[in-house]
Amino acid sequence: MRKVSPFILCGGSGTRLWPLSREALPKQFHKIAWQETLFQQTCRRLTGDLFAAPIILSNQHHRFLVAEQLEEADIKPAGIVLEPVGRNTAPAACVAALLASRSDPDALVLIVPSDHMIPDAAAFARAIAVGASAAEEGAFVIFGIEPDCPHTGYGYIETEKSNSQVLRVRRFVEKPSREAAEEFIDAGNFFWNAGIFLFKAATLIDLLEGLAPEVLKACRDALEEATDDLGFLRLNGSYAKAPAISLDYAVAEKAGNMQCVPLNTPWSDMGSWSSLWGLLEKDSTGNVALGEGEIVLEQTSNSLAYSDHACVALVGVSDTIVVATEDAVLVVSKEYAESVKTIVEHLKGNGRSHTLHHSRVYRPWGWYQSINKGSRYQVKCIMVKPGAKLSLQSHFHRSEHWVIVTGTLEVTKGDEVELLSENQSTFIPIGKKHRLANPGKIPAFIIEVQSGPYLDEDDIVRFEDVYHRHSNE
């Protein structure tokens, strides 16, 4: 049998796990309660003799984060493809099929989200092997989860009633009422839709030709126009012309060759804080405590508390979620955990940055964190990784004062270049070209004090950048 070629989808923002998950650092890139991030765990689950090296589809703003986490996990991908804009799963799967068909029209392609938790990798691989045999015969395979509760937030797959490992799909049901979900569980032939698909490249291309030709054309054009950018395959303008449609709606619900393989393993799409609570090990009173901050629980039951910094105390509550990050706190009943998305939409509508990024913002060269900010000043801590350098840049509205607190940094100011070490400082006037670089072997930290009438990140002109970024990145 051919090896299965995984295509990992990394574009989601995980809004229902706010305030931990945000657009600049969504849930798949967090470790949460494990030694590796959800993305790293997904990649590791897709190793072994059954699988070829994975291809990653990423939001272009997460490209360096993807590459860094792959390197940290010592996983070498077959490629990293960058979307200029998210277009949902049908165009993503189409790109996967077209790429795979370049070397083998009958290549087996596995579409898998990056943010699901599947603890039993061996059971997962066994299910994929079963699905691969069906896909080799021309089936379009979807993987289903046997439901353990009448969940109304998942789509359902109705199959024929059979003891076979591969089940013919009768229909798809999108997020039913609770009454309907209870009936599905009683019927015994309904599965949660895990959003994991397996097919031959030629099978999907033929289906798209008949069912969604506009998706196929846009993706073909995008791949013809694609360019290499520091080892990333960057899809260009034509990709945005593809309809934003899921693979379920575009193909699966209309295809006549749909087969379902049950995934006999614990599974969670990590779609809410309640689902995370349900997945994790609890103490004797049903509580889960997470994060680096101190958690104090008194007369509290069946609750989850997370803190990345502050001491958080819960007293006399039950079935409650409390999440404290450095700049936002969420308190929600477990029953309403799915509604966190509404809060995120409200904050975005009000122009609040809390949905976009954390107080610590990651960049390919390291990170920066705002410590204090006033009307005409801002104080930041900046970390520059060994061997990394920031862009050569200038600002129209702010000056900067740098104090090196750890390590050694090469500082460029205009035509001058100097090395500064701990307790040394320098001043960057408004409009002066400047750059930071770390020539050392340890991370370098500085305290930056900005002053001026406008301090937002879009006040930047880049003259040189080793990471080929735009001004807003």
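One numbering rule holds for all chains: residues counted from 1, following each sequence as written. This being a predicted model, a pLDDT of at least 70 is required before a residue's local features are given, and a value of 80 or more before pairs of side-chain atoms are given or counted; all residues contribute to the totals for chains, interfaces and linings. For the side-chain quantities, the full set of heavy atoms in the structure was used; hydrogens and water were omitted.

**Describing the overall build of the chain**
- By definition, any uninterrupted DSSP run of H or I lasting at least four residues is a helix, any uninterrupted run of E lasting at least two residues is a strand, and each is numbered from the N terminus. Helices and strands together make up the secondary structure of the chain, namely 10 helices and 28 strands.
- Radius of gyration: over C-alpha atoms. The globule rule applied is 2.2 Å multiplied by the number of residues raised to the 0.38 power. Computed over the C-alpha atoms, the radius of gyration of the chain is 24 Å, within 12% of the 23 Å expected from 2.2 N^0.38 for a compact globule of 473 residues.
- In terms of overall dimensions, the chain has C-alpha extents of about 75 × 60 × 40 Å along its principal axes.
- Think of it in three bands: residues with accessible area under 20% of the maximum for their type are buried, residues over 50% are exposed, and the middle band is partly exposed, with areas taken using a 1.4 Å probe on protein chains only. Of all 473 residues assigned to the chain, the portion counted as buried reaches 52%.

**With respect to the packing of helix 6 (residues 201-211) against helix 7 (residues 213-225)**
- At a closest axis distance of 6 Å, the pairing of helix 6 and helix 7 adopts a crossing angle of 120°. In terms of their interaxial angle, helix 6 and helix 7 are classed as oblique. Along the contact surface, helix 6 presents Ile205, Leu208, Glu209, Gly210 and Leu211, while helix 7 presents Pro213, Val215, Leu216 and Arg220.
- Charged means Asp, Glu, Lys or Arg here, nonpolar means Ala, Val, Leu, Ile, Met, Phe, Trp, Tyr, Cys or Pro, and polar covers whatever is left, Gly included. Of the residues contributing to the contact of helix 6 with helix 7, the split by class is six nonpolar, one polar and two charged. For every element, the axis is a line fit to its C-alpha atoms; helices are fit only across the contacting stretch, and the angle between N-to-C directions ranges from 0 to 180 degrees. Roughly parallel means an angle under 35 degrees; roughly antiparallel, over 145; roughly perpendicular, 65 to 115; everything else is oblique. Note on definitions: a residue-residue contact is assigned when non-hydrogen atoms from the two residues lie within 4.5 Å.

**Section: the pattern of salt bridges**
- The rule for a salt bridge is simple: a side-chain nitrogen of Lys or Arg has to be within 4 Å of a carboxyl oxygen of Asp or Glu. What the rule picks out here adds up to 23 salt bridges.
- As a salt-bridge pair, Lys334 and Asp319 come within 3.2 Å of each other at their nearest N and O atoms. Within this pair, whereas Lys334 is found in the loop between strand 17 (329-333) and helix 10 (340-349), its partner Asp319 is found in the loop between strand 15 (312-315) and strand 16 (320-324), the two being separated by 15 residues in sequence.
- Judged by its relative accessible area of 15%, Lys334 is buried.

**Thoughts on the sheet that holds strand 12 (residues 288-290)**
- If you walk across this open sheet you meet the four strands as 12-14-16-17, and the pairing is mixed. Pairing within the sheet leaves two strands with one partner each, and these edge strands are strand 12 and strand 17. The mean inter-strand angle of the sheet, taken between neighbouring strand axes irrespective of direction, is 5°.
- If DSSP finds at least two bridges between two strands, the strands pair. Taken together, the three bridges between strand 12 and strand 14 (residues 304-307) define a ladder with parallel strand orientation. In the strand pairing of strand 14, Ala289 is matched with Ala305.

**Brief notes about the sheet that holds strand 19 (residues 366-373)**
- If you walk across this open sheet you meet the six strands as 18-19-20-27-22-25, and the pairing is antiparallel. In this open sheet, the two edge strands, each paired with only one partner strand, are strand 18 (360-363) and strand 25 (425-428). Sheet twist, expressed as the average angle between the axes of neighbouring strands with direction ignored, equals 20°.
- Here four bridges tie strand 18 to strand 19, and the two strands are oriented antiparallel to one another. Within strand 19, the residue paired with Val361 across the bridge is Tyr368.

**A closer look at the pairing of strand 3 (residues 79-83)**
- Across the five residues that make up strand 3, a large majority, four, are buried.
- Summarising the sheet, strand 2 (residues 55-59) and strand 3 pair through five bridges and their orientation is parallel. Within strand 3, the position partnered with Ile56 by the bridge is Ile80.
- When the strands point away from the viewer, a crossover counts as right-handed if the route from the first strand across the helix to the second turns clockwise. The parallel pair strand 2 and strand 3, bridged by helix 2 (residues 63-72), forms a crossover whose chirality is right-handed.
- Two elements, strand 3 and strand 10 (residues 232-234), share two bridges in a ladder whose sense is parallel. The residue bridging Val81 from the neighbouring strand is Leu233, located in strand 10.

**Things to note about the environment of Leu280**
- Locating Leu280 in the fold gives a position in the loop between helix 9 (273-279) and strand 12.
- For Leu280, a relative accessible area of 11% gives the class buried.
- Remark: the alpha-carbon pair of Leu280 and Leu304, spanning 24 residues in sequence, is separated by 9.8 Å.
- Once you skip the residues sitting within four places of it in the chain, Leu280 turns out to touch Ala33, Trp34, Val288 and Leu290.

**Topic: helix 5 (residues 178-187)**
- Listing the buried residues of helix 5 in full gives Ala180, Ala181 and Phe184. Within helix 5, the buried residues cover an arc of 100° as seen down the axis, which keeps them to one side. Residues Arg178, Glu179 and Asp186 are exposed on helix 5 and point more than 90 degrees away from its buried face.
- In this structure, the buried residues of helix 5 make contact with strand 6 (156-159), strand 7 (167-173) and strand 8 (190-200).
- Positive phi appears at Gly188, one or two residues downstream of helix 5, with a value of about 85°. This arc corresponds to the set of directions leading from the helix axis out to the C-beta atoms.

**With respect to the nonpolar core**
- Nonpolar cores were defined as sets of buried Ala, Val, Leu, Ile, Met, Phe, Trp, Tyr and Cys residues, with membership established by side-chain atoms within 4.5 Å. In terms of nonpolar packing, the biggest core is built from 65 residues, with Phe39, Ile56, Leu110, Phe124, Phe143, Ile196 and Leu198 touching the most fellow members.
- Per element, the largest residue contribution to this core is seven residues, and it comes from helix 4 (residues 121-136).
- Contact partners of Ile56, with chain neighbours within four places excluded, come to Ile8, Cys10, Phe39, Cys43, Val66, Leu70, Pro77, Gly79, Ile80 and Val81.
- Within the second largest apolar cluster, 47 residues are counted, among which are Phe197, Ile205, Leu208 and Ala255.

**Here's the deal with unusual backbone geometry**
- Omega for the bond connecting Trp18 with Pro19 falls within 30 degrees of zero, at 5°, which places this linkage in the cis form.
- Within the secondary structure layout, Pro19 lies in the loop between strand 1 (4-9) and helix 1 (38-45).
- At Leu230, a residue that is not glycine, the phi angle is positive and equals roughly 55°.

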